[in-house]
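A closer look at the structure
Single-letter residue listing:
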Amino acid sequence: FDNLPCGIVDAVASGMRIVSSRVGGIAEQIDPSRGTLVDPRNLMQLTEALRAEADLAAQIDRSALRAYAEDHFSQQAVAGQLNTIYRRTQQRVWKA
């Protein structure tokens, strides 16, 4: 399993809500404002989620979804996150 598939990031960046199984790191990024998560291999939940998402299609705030993707997955956002990790690691190494 991919911890956070690029297809999910791409979909959110395109202003699309997600329907996905609750596996890997997907649940950390997809809350009810960005989509619906279902239990793995649960066809009934998946069917219900797809129907519910179809009913919500006209109400989707695509700009909010795109803004979330920009804030969390853009090159600048990821570089900032990595920089924070590197600095914290570096500080721990220097203290040791």
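First things first, this report covers the structure right here in the doc.

So, how was this worked out
Numbers given to residues run from 1 along each chain, matching the order in which its sequence is written. pLDDT decides what is reported in this predicted model: residues at 70 or higher carry local features, side-chain atom pairs at 80 or more are listed and counted, and totals for whole chains, interfaces and linings draw on all residues regardless. Side-chain measures here rest on the full set of heavy atoms in the structure, leaving out hydrogens and waters. A run of DSSP states H or I qualifies as a helix once it reaches four residues; a run of E qualifies as a strand once it reaches two. Both are numbered from the N-terminal end. For the radius of gyration, the atom set is restricted to C-alpha positions; the globular benchmark scales as 2.2 Å times the number of residues to the power 0.38. Think of it in three bands: with a 1.4 Å probe and only protein chains considered, a residue is buried below 20% of the maximum accessible area for its type, exposed above 50%, and partly exposed in between. Shrake-Rupley sampling with a 1.4 Å probe provides the accessible areas, and residues are treated as covered by the protein chains on show and by no other component. Only four residue types enter the charge count: Lys and Arg as positive, Asp and Glu as negative, with His and the chain ends excluded. A charge is said to be at NZ when it belongs to Lys, at CZ for Arg, at CG for Asp and at CD for Glu. We define a nonpolar core as any set of buried Ala, Val, Leu, Ile, Met, Phe, Trp, Tyr and Cys residues linked to one another through side-chain atoms lying within 4.5 Å. Residues are treated as being in contact if the distance between any of their heavy atoms lies within 4.5 Å. This arc is taken over the directions from the axis of the helix to the C-beta atoms. Only one rule defines a salt bridge in this text: a Lys or Arg side-chain nitrogen within 4 Å of an Asp or Glu carboxyl oxygen.

Here we take up the overall build of the protein. Helix and strand content of the protein: 5 helices and 2 strands. Relative to the globule expectation of 12 Å for 96 residues, the C-alpha radius of gyration of the protein, 17 Å, shows a markedly less compact shape. If you line up the protein on its principal axes, its C-alpha atoms span 55 × 30 × 15 Å. Among the 96 residues that make up the protein, the fraction classed as buried is 26%. Here the protein has roughly 7,000 Å² of accessible surface; of this, 54% comes from carbon and sulfur atoms. Of the charged side chains in the protein, 11 are positive and 11 negative, and the gap between their average positions amounts to 8 Å.

The next point concerns the nonpolar core. One finds Ile8, Ala11, Val12, Ile18, Val23, Ile26, Ile30, Leu37, Ile60, Leu65, Tyr68 and Ala69 forming the largest nonpolar core, which totals 12 residues. Every element with two or more residues in this core is listed here: α1 (6-13) and α4 (62-73). Ile30 has contacts with Ile8, Val12, Ile18, Gly35, Thr36 and Leu37, leaving out every residue within four places of it along the chain.

Below, the discussion takes up α1. Those residues of α1 that fall on the buried side of the exposure criterion are Ile8, Val9, Ala11 and Val12. The buried residues of α1 occupy an angular sector of 165° when the element is viewed end-on, so they sit on one face. On its buried face, α1 sits against β1 (18-21), α2 (26-29) and α4. Count one or two residues on from α1 and you reach Gly15, which has phi positive near 85°.

Attention now moves to the pattern of salt bridges. Counted under the stated rule, the structure contains 3 salt bridges. A salt bridge links Arg17 to Glu53, with the nearest nitrogen and oxygen atoms 2.6 Å apart. Pair noted here: Arg17 is in the loop between α1 and β1 and Glu53 is in helix α3 (residues 43-56), with a separation of 36 residues, a long-range link. An identical accessibility class is assigned to Arg17 and Glu53; each is buried. Of the charged contacts in the structure, one is a salt bridge between Asp31 and Arg34, with a shortest N-O distance of 3.2 Å.

Honestly, that's just the spatial picture; any functional story needs more than this.
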